[in-house]
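These are the residues of each chain, in order.
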Number of protein chains: 2
Amino acid sequence: MAACTVYSTQSLKTNCFISTPSSKTHYGFHSKQIVLYSTSKRNKRVNNPYVITCAAGDTQTVVIGLAADSGCGKSTFMRRLTSVFGGTAEPPKGGNPDSNTLISDTTTVICLDDYHSLDRTGRKEKGVTALDPRANDFDLMYEQVKAIKDGVSVQKPIYNHVTGLLDPPELIKPPKILVIEGLHPMYDARVRDLLDFSIYLDISNEVKFAWKIQRDMAERGHSLESIKASIEARKPDFDAYIDPQKQYADAVIEVLPTELIPDDNEGKILRVRLIQKEGVKNFSPVYLFDDGSTISWIPCGRKLTCSYPGIKFAYGPDAYFGNEVSIVEMDGQFDRLDELIYVESHLSNLSSKFYGEVTQQMLKHADFPGSNNGTGLFQTIVGLKIRELYEQIVATRAETPVKAAKA
Amino acid sequence: MAACTVYSTQSLKTNCFISTPSSKTHYGFHSKQIVLYSTSKRNKRVNNPYVITCAAGDTQTVVIGLAADSGCGKSTFMRRLTSVFGGTAEPPKGGNPDSNTLISDTTTVICLDDYHSLDRTGRKEKGVTALDPRANDFDLMYEQVKAIKDGVSVQKPIYNHVTGLLDPPELIKPPKILVIEGLHPMYDARVRDLLDFSIYLDISNEVKFAWKIQRDMAERGHSLESIKASIEARKPDFDAYIDPQKQYADAVIEVLPTELIPDDNEGKILRVRLIQKEGVKNFSPVYLFDDGSTISWIPCGRKLTCSYPGIKFAYGPDAYFGNEVSIVEMDGQFDRLDELIYVESHLSNLSSKFYGEVTQQMLKHADFPGSNNGTGLFQTIVGLKIRELYEQIVATRAETPVKAAKA
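Residues numbered from 1 in each chain as written. Chains lettered and ligands numbered in written order. Predicted model: local features only at pLDDT ≥ 70, side-chain atom pairs only at ≥ 80, totals over all residues. Heavy atoms only, no water.

Rules: UniProt positions are given in the numbering used here, feature names are shortened, and annotations may be inferred rather than shown by experiment.
You'll find chain A entered in an unreviewed UniProt entry as Phosphoribulokinase, with Lupinus albus given as the organism. The Sequence similarities (unreviewed entry) comment attached to chain A in UniProt states, word for word, "Belongs to the phosphoribulokinase family." Under the UniProt heading Catalytic activity (unreviewed entry), the note attached to chain A is "D-ribulose 5-phosphate + ATP = D-ribulose 1,5-bisphosphate + ADP + H(+)".

Below, the structure written as structure tokens:
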């Protein structure tokens, strides 16, 4: 490490040129890398420099935020998303085996738990949960996401979920698409503003409870009371810090109990809603039959037979936290391939590249949770939407200089 | 009238040649006409011969039955149907001014009240209503409809609604399409079997009552009690003889109170259902978006704004008197042209000849009752369906000899 100079993160926006020094963030040149020292809450780590590399100046990373409570199918969603781009998401090669990162040719998924400023012990001492903003370093999250978006590599910390400790950082190079997934991708306004698209996975309390009972009671032998208690303990912070983020999401996948079976509380058959914000750049909502009208559709009938309790779709315009949205809903589950392809053929604006792509993606990952219901369907569709959004952003960038030259 | 010979009606099927004599019906040649004497209940008329003319042998009349209670929009329906064929329906020129018949280039509509065997006084004396089969001559109805279908003109009696008497008969020549409309087109199995297509106009009791109140109370000064009493008096015969015919109909237009306004009993906004039998030759049901599935659709939304209470459509397969049917339903009414064209553009299998034909037909007759709701819409659609059915029958006949020649 040779000469260390202090720069503002602003200077890294396009070509990494040097400008006004900042008191907050310290950068230094090291060969073709920039070394970052943070003065944030992670004081212990000031001596662990974060190396940042300048990427090719003309490509910029597209940043996607995915918010959800832990254990809500985020990793499944990420594997579906990666698959849409044709690659397989794997942990960084030769790195920390407990890394939370998943890397493919196109996408890099980082887990925002890595920005915990307090480890398990620290949280216990201060009496805060991981959901509490005070347990998270939003300054560093912002700086690093911004750096990656600007084409600069960062040394991102790792929160070790096994040990509950903060491990030494790992190098994150700017990918084509960066997905930041975790509890707080839309909590901090600065991070939120960096997102090209944001998704909130909203699992209703009933379904969360049913899932937890199924897993923790049946598989881990927990008591019903302890499960209830753990959900209740988590709820105030969840309601205060996680849940409010959904108002900012461009797409919300809402998972609810089925309405096809009266008073069902098994949580096996789901009613899933894809809430799509209108007017989002490069994002055009999926619809059923007639864009902007209100529709309910039971595809099972004369041409398609389904087993009990069948499948029901709904579509329509609505308002969501004061925003105009379009909602597509699926209640029930697919039993057979022909049901899936039939449904796909009747959804419009899927952003697929060929007829049957949604079905192909879902069959490819038939073993993933939710592949037979609306969670898998809508995750796959959102994956296609993100691919389209990415391609449109790239195309717009490619067009801009041409237009300028012509003018 | 020269030589009178006795023949069976069977002999008239194709080329009017002479065969086995029958004891029931008497035919005799008179120039190029056949004279018919009936030995049915109309004994008084045996001396009034009915003249039958042989028509061109290769065309056969398509026969449509339209059943409904009196005053249920049958004449409006008939004017809509005639209009689809491009003509205007008018009473026979130079005939009885009280004739119930409507003739256009393509269609002849006869009213089955003309087959009353008892006039008003006769019914009063015997204590039977016009709804009672005993007040109607089904033998003559069958013989004459069969004769017309076989291309033979008949002298059809006239029931004079003004005087309540049976007037001298009028000549009915075989048209391209014969519509028999009235109380009993599907009551007698022999007549029913002659129908190429049958329709039942089913006005619910609530709507009938609301309509009667509107007309008889507001316009004619009748009391609520007398209206109720007249409906009640009619009900047993209606239920016994008219209503059961709907099970035979290929299409039923059901008129119900709206469900868009809770507890509405004004009868101004209607929910109208078009119940279409599946598997009927030359008739392919209209559907909404996805043939054979179950759908509800509120077209009013982002692209189409409607005034309160809006418009709601429903579509789906169902069972109706043990038959497989497809039902299209419209609740609400059109306020503006763009609503009508929008709805037309989303209905499939309309049998229209050009885009906007349904809208054009409804605008052409904007002054007809029901032009802004499902009654007018479905009457128009049924009109288009009958045109298609007629054209397919004619095409099949034209094809048959060619095929036979090739074989």
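We are not done yet, so read on.
**Quick look at the packing of helix α7 (residues 337–346) of chain A against helix α8 (residues 357–364) of chain A**
Two numbers describe a pair of packed helices, the interaxial angle and the distance between the axes. Residues and elements named next belong to chain A. Selection rule: Angles here are taken between N-to-C directions and fall from 0 to 180 degrees, while the axes themselves are lines fitted to C-alpha atoms, restricted in helices to the stretch in contact. Helix and strand labels come from DSSP, where a helix needs a run of H or I of at least four residues and a strand needs a run of E of at least two; each type is numbered from the N terminus. Take the far helix as the reference: if the near one is turned anticlockwise from it by less than a right angle, the crossing is left-handed, and if turned clockwise, right-handed. Here a residue-residue contact requires only that any non-hydrogen atoms of the pair lie within 4.5 Å. As a working rule, the residues Ala, Val, Leu, Ile, Met, Phe, Trp, Tyr, Cys and Pro are called nonpolar, Asp, Glu, Lys and Arg charged, and the rest polar, with Gly in that last group.
As a packed pair, α7 and α8 sit with axes 8 Å apart at the nearest point and diverge in direction by 145°. Where α7 crosses over α8, the handedness of that crossing is right-handed. Note on element contacts: α8 touches α7 through Glu357, Val358, Thr359, Met362 and Leu363, opposite Leu337, Leu340, Ile341 and Glu344. In terms of residue class, the contact of α7 with α8 is built from six nonpolar, one polar and two charged.

**Re the pattern of salt bridges**
Residues and elements named next belong to chain A. Rule in force here: The working definition used for a salt bridge is a side-chain nitrogen of Lys or Arg within 4 Å of a carboxyl oxygen of Asp or Glu. For every residue, the accessible area (1.4 Å probe, protein chains only) is compared with the maximum for its type, and the residue is labelled buried under 20%, exposed over 50%, or partly exposed between those bounds.
Overall, the coordinates contain 46 salt bridges over all chains when judged by the stated rule. Here Glu357 ties to Arg387 by a salt bridge, and the two come within 2.7 Å at their closest N and O atoms. Of this pair, Glu357 sits in helix α8 while Arg387 sits in helix α9 (residues 374–406), and the two are 30 residues apart along the sequence. The burial state of Glu357 is the same as that of Arg387; both residues are buried.

**Things to note about the relation of the copies chain A and chain B**
One chain copy maps onto the other through a rotation about an axis and a shift parallel to that axis. In plain terms, the rule: When the copies are overlaid, the least-squares fit takes in C-alpha atoms only where the residue has pLDDT of at least 70 in both copies.
For the pair chain A and chain B, the relating rotation is 180°, the translation along its axis is 0.0 Å, and the fit reaches an RMSD of 0.0 Å. Interpreted geometrically, this transformation is the action of a two-fold axis. Among all C-alpha atoms of chain A, that of A:Ser296 lies closest to the rotation axis, at 2.5 Å. A share of 100% of interface residues in chain A that are also interface residues in chain B marks the association as one of identical surfaces.

**Notes on the nonpolar core**
For clarity, the threshold we go by: By nonpolar core we mean a set of buried residues, namely Ala, Val, Leu, Ile, Met, Phe, Trp, Tyr and Cys, connected to one another through side-chain atoms within 4.5 Å.
In this structure, A:Phe197, A:Leu377, B:Phe197 and B:Leu377 are the most contacted members of the largest nonpolar core, which totals 111 residues. In this structure A:Leu377 touches A:Phe313, A:Met330, A:Phe334, A:Leu340, A:Leu347, A:Val358, A:Met362 and A:Gly370, once residues within four positions along its chain are discounted. Counting 33 residues, the second largest nonpolar core, distinct from the first, contains B:Tyr115, B:Met141, B:Val152 and B:Leu183.

**Structural notes on the interface of chain A and chain B**
The condition is simple: In short, buried area is how much 1.4 Å probe accessible area vanishes from two parts on joining, totalled over both. Within 3.5 Å is the distance limit for a polar contact, defined as a pair of N or O atoms, with the added protein rule that one can donate a hydrogen and the other accept it, and that residues adjacent in sequence qualify only through two side-chain atoms.
The interface is formed by 23 residues belonging to chain A together with 23 residues belonging to chain B. Where chain A abuts chain B, roughly 1600 Å² becomes buried across the two surfaces, and 41% of that area is made up of carbon and sulfur atoms. The tally of links between chain A and chain B comes to six salt bridges. Measuring nitrogen to oxygen at the nearest pair gives 3.1 Å for the salt bridge that ties B:Glu278 to A:Arg302. Taken together, the connections running from chain A to chain B amount to 23 residue pairs in polar contact (both at pLDDT 80 or more).

**Observations concerning the domain arrangement of chain A**
A common way to state how big an interface is: give the accessible area lost once the parts meet. Residue and element names in this part refer to chain A. The test is simple: Start and end positions for the domains come from either an automated domain assignment or a database one.
We note that the domain assignment places domain 1 (57–200) and domain 2 (250–397) within chain A. With centres defined by C-alpha atoms, the gap from domain 1 to domain 2 works out at 26 Å. Taken together, the 21 residues of domain 1 in the interface contact 25 residues of domain 2. Three residues, Arg80, Val84 and Phe197, lead the burial of domain 1 against domain 2; their summed loss comes to 34% of the area buried on that side. Across the contact surface, domain 1 and domain 2 share zero salt bridges. Inspection of the region where domain 1 meets domain 2 yields ten residue pairs in polar contact (both at pLDDT 80 or more). For the side of domain 1 that touches domain 2, the elements supplying multiple residues, two or more each, are β4 (62–67), α1 (74–84) and β10 (197–203). Within the side of domain 1 that touches domain 2, the residues separate by chemical class into ten nonpolar, six polar and five charged.

**Examining the packing of helix α5 (residues 205–219) of chain B against helix α6 (residues 224–242) of chain B**
Residues and elements named next belong to chain B. Formally: When an angle is under 35 degrees it counts as roughly parallel; over 145 it counts as roughly antiparallel; between 65 and 115 it counts as roughly perpendicular; any other value is oblique.
Packing of α5 against α6 leaves a shortest axis separation of 10 Å and a crossing angle of 140°. Relative to α6, α5 is oriented oblique. The two elements α5 and α6 meet at a crossing, and its hand is right-handed. Only Leu224, Ile227, Lys228, Ser230, Ile231, Lys235 and Phe238 of α6 make contact with α5, whose side of the interface consists of Asn205, Lys208, Phe209, Lys212, Ile213, Asp216 and Met217.

**Quick notes on the state of the cysteines**
Residue and element names in this part refer to chain A. Rule in force here: Throughout, disulfides are identified as pairs of cysteine sulfur atoms within 2.5 Å of each other.
Inspection of every chain in the model, using the stated rule, returns two disulfides over all chains. Across the disulfide, Cys300 is cross-linked to Cys306 (sulfur-sulfur distance 2.1 Å). Taking the sign of the S-S torsion, about -90° here, the bridge from Cys300 to Cys306 comes out left-handed.

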